[in-house]
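Structure assessment
The chain contents come next:
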Amino acid sequence: MPTMSDSRVGARVAAVQSATRRFDALAWALPALLVAVTVAGGVTTDGFSSAANFEAILRNASIVGIVAVGMSLVTVSGNLISLAAQPSAMLPAVLVAALLSRGESMALTLAVVLAMVLVVGLIQGYVIGLGLNAIVASLAFGTVIVGAVALFSGDNSGAFTFAPRGLRHVAGDLLGAPVVVIVFILVTVGTTVFVRHSVIGRHIILSGANPAAAIVSGVSIRKSTLWAFVGLGITAAIAGVIVASTVGQATTVMLPSLMIDVVTAVLIGGISIQGGVGSPMNAALGAVFISLLNNLFALHNVSDGYHQMFEGGLLLVAILVVHFASQRRGK
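The paragraphs below set out a description of the structure included in this document. Since the structure is predicted, the reported quantities are computational estimates derived from the model, not experimental observations.

Quick look at the nonpolar core now. Formed by 81 residues in total, the largest nonpolar core has its most connected members in Met71, Val262 and Phe289. Element by element, the count of residues in this core is highest for helix H3 (residues 51–76), at twelve residues. Once residues lying within four places of it in the same chain are set aside, the contact partners of Phe289 are Leu30, Leu33, Leu34, Val37, Ile268 and Leu314.

See below:
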């Protein structure tokens, strides 16, 4: 005769399996849309189909994609989005730049950055896990981070110029491929495997898909939120350090369009804003799609005004499509 413990375990497994198998039309459509836009771009745009241009598209997609992969954890966990993405990328970048510019060792620098990223992610995840609105709370956290860095840098916009030393290789190639693209792929694959095949990852999905079922199954929504925000902090730190190491500088105003690009990538990837549907791979493909469109705009000399209007409209369409798809699923 099954025990209460057996019943809870069975309920947990069934609920997680149900959440991970949910169909999302937008996510399935995105790869086809990527192919269609690529073919259309190749036919209508000179130079679009060159190997150098495709490399540029992937390079440009990588930074947004790395952060979008982390943001997907927050969204899938049912915590909407974090408005602290840009500060979360800026903070470790400024720390690396400041410490290396003062002659600190690479080992100490990376240890300090990792500790800071974990602390900020844990605090943010804990507070939001208490039930606070994720958007409002993350906006407050982001503002605090920017203010703290401004004070740390003497209110000079957090500008630090440094010699990347051991990090200088991130701007180059490895085995013929850009290092930043390799990192993007590794982060995407690693995070996708984590979400789909680890207990913690499945708890994150279940917490967003059905909080009530998660609680009944013994899943801690607070812990899922903690892990999601720590994941975002780590991916944002990777992106920030790569950018700073590439240009040899970090400021509080770096990556000004990161937030809108990341949110667009997540939603274009078909990740439900209500949570529980989608994967890091979806967010990565969304980033590639945005980079593809940006590249076509640049090759056709489309003005920034039209570009921004189009991206805003694209984000609105993605929100509406995901919203109505969620309603049909009874989410």
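Time to look at the side chain of Ser291. Here Ser291 shows up in helix H12 (residues 280–299). Ignoring anything within four residues of it in the chain, the contact list for Ser291 reads Ile57, Asn60 and Ala61.

For the structure shown, the criterion picks out two salt bridges. For Arg59, the salt bridge identified is with Glu55, shortest N-O distance 3.2 Å. Remark: Glu55 and Arg59 occur in helix H3; sequence separation between them is four residues, near one turn of the helix. The exposure class of Glu55 is partly exposed, given its relative accessible area of 32%. Between Arg59 and Asp173 there is a salt bridge; the shortest N-O distance is 3.0 Å. Of this pair, Arg59 sits in helix H3 while Asp173 sits in strand E2 (residues 173–174), placing them 114 residues apart in sequence. Overall, Arg59 belongs to the partly exposed group, its relative accessible area being 27%. Looking at Asp173, the relative accessible area reads 47%, which means it is partly exposed. Members of the salt-bridge network, linked through shared partners, are Glu55, Arg59 and Asp173.

Moving on to the packing of helix H5 (residues 106–129) against helix H10 (residues 221–247). Describing two packed helices takes the angle between their axes plus the distance from one axis to the other. In the contact formed by H5 and H10, the axes pass within 8 Å of each other and the chain directions differ by 145°. Viewed along their axes, H5 and H10 form a crossing whose handedness is right-handed. Counted together, Val117, Leu118, Gly121, Leu122, Gln124, Gly125, Tyr126, Ile128 and Gly129 of H5 and Arg222, Thr225, Leu226, Phe229, Val230, Gly233, Ile234 and Ala237 of H10 form the full contact between these two elements. Residue composition of the contact of H5 with H10, grouped by class: ten nonpolar, six polar and one charged.

For residues that are not glycine, phi is negative in most cases, and the peptide bond is trans in most cases. Positive phi outside glycine occurs at Leu175, with the angle close to 55°. With respect to the secondary-structure elements, Leu175 resides in the loop between E2 and strand E3 (177–178). A relative accessible area of 86% places Leu175 in the exposed class. For Leu255, which is not glycine, the phi torsion reads 55° and is therefore positive.

For the rest of this paragraph, the subject is the environment of Gly41. Assignment of secondary structure puts Gly41 in helix H2 (residues 25–44). On the accessibility criterion, Gly41 (1% relative accessible area) is buried. Separated by 254 residues in the primary sequence, Gly41 and Asn295 place their C-alpha atoms 9.6 Å from one another.

Moving on, we get to helix H4 (residues 85–101). Spacing of three or four residues puts side chains on the same side of an α-helix, whose turn is 3.6 residues. When the terminal C-alpha atoms of H4 are compared, their 25 Å separation across 17 residues agrees well with the 24 Å that a helix rising 1.5 Å per residue should span. Most of H4 is tucked away: 16 of the 17 residues are buried. Following H4 by one or two positions, Gly103 adopts a phi angle in the positive range, close to 85°.

In the contact formed by H3 and helix H11 (residues 258–268), the axes pass within 9 Å of each other and the chain directions differ by 60°. The angle between the axes of H3 and H11 places the two elements in the oblique class. For the pair H3 and H11, the crossing hand works out as right-handed. Where H3 abuts H11, its residues Val64, Val67, Ala68, Met71, Ser72 and Thr75 lie against Leu258, Met259, Asp261, Val262, Ala265 and Val266. When grouped by side-chain class, the residues that make up the contact of H3 with H11 number nine nonpolar, two polar and one charged.

Cut-offs used in this document
Within any chain, residue numbers begin from 1 and follow the written order of that chain's sequence. The predicted origin of the model limits local features to residues at a pLDDT of at least 70 and limits the giving and counting of side-chain atom pairs to 80 or more, whereas totals for whole chains, interfaces and linings rest on all residues. Processing note: side-chain calculations cover all non-hydrogen atoms of the structure and skip hydrogens and water entirely. Residues belong to one nonpolar core when they are buried, are Ala, Val, Leu, Ile, Met, Phe, Trp, Tyr or Cys, and are joined through side-chain atoms within 4.5 Å. Three labels apply to residues, based on accessible area from a 1.4 Å probe with only protein chains included: buried if under 20% of the type maximum, exposed if over 50%, partly exposed otherwise in between. Only DSSP runs of H or I covering at least 4 residues are called helices, and only runs of E covering at least 2 are called strands; the numbering of each starts at the N terminus. Contacts between residues were defined by any pair of non-hydrogen atoms, one from each residue, lying within 4.5 Å. Within this document, salt bridges are pairs made up of a side-chain nitrogen of Lys or Arg and a carboxyl oxygen of Asp or Glu, the two lying within 4 Å of each other. Whenever a helix is involved, its axis is fitted only over the stretch in contact; in every case the axis is a line through C-alpha atoms, and angles between N-to-C directions fall within 0 to 180 degrees. Note on convention: the crossing is left-handed when the near helix lies turned anticlockwise from the far helix by less than a right angle, right-handed when the turn is clockwise. Gly is placed with the polar residues, together with every amino acid not listed as nonpolar (Ala, Val, Leu, Ile, Met, Phe, Trp, Tyr, Cys and Pro) or charged (Asp, Glu, Lys and Arg). By this rule the span expected of a helix is its residue count minus one, scaled by 1.5 Å. Here roughly perpendicular refers to angles of 65 to 115 degrees, roughly parallel to angles under 35, roughly antiparallel to angles over 145, and oblique to all remaining angles.

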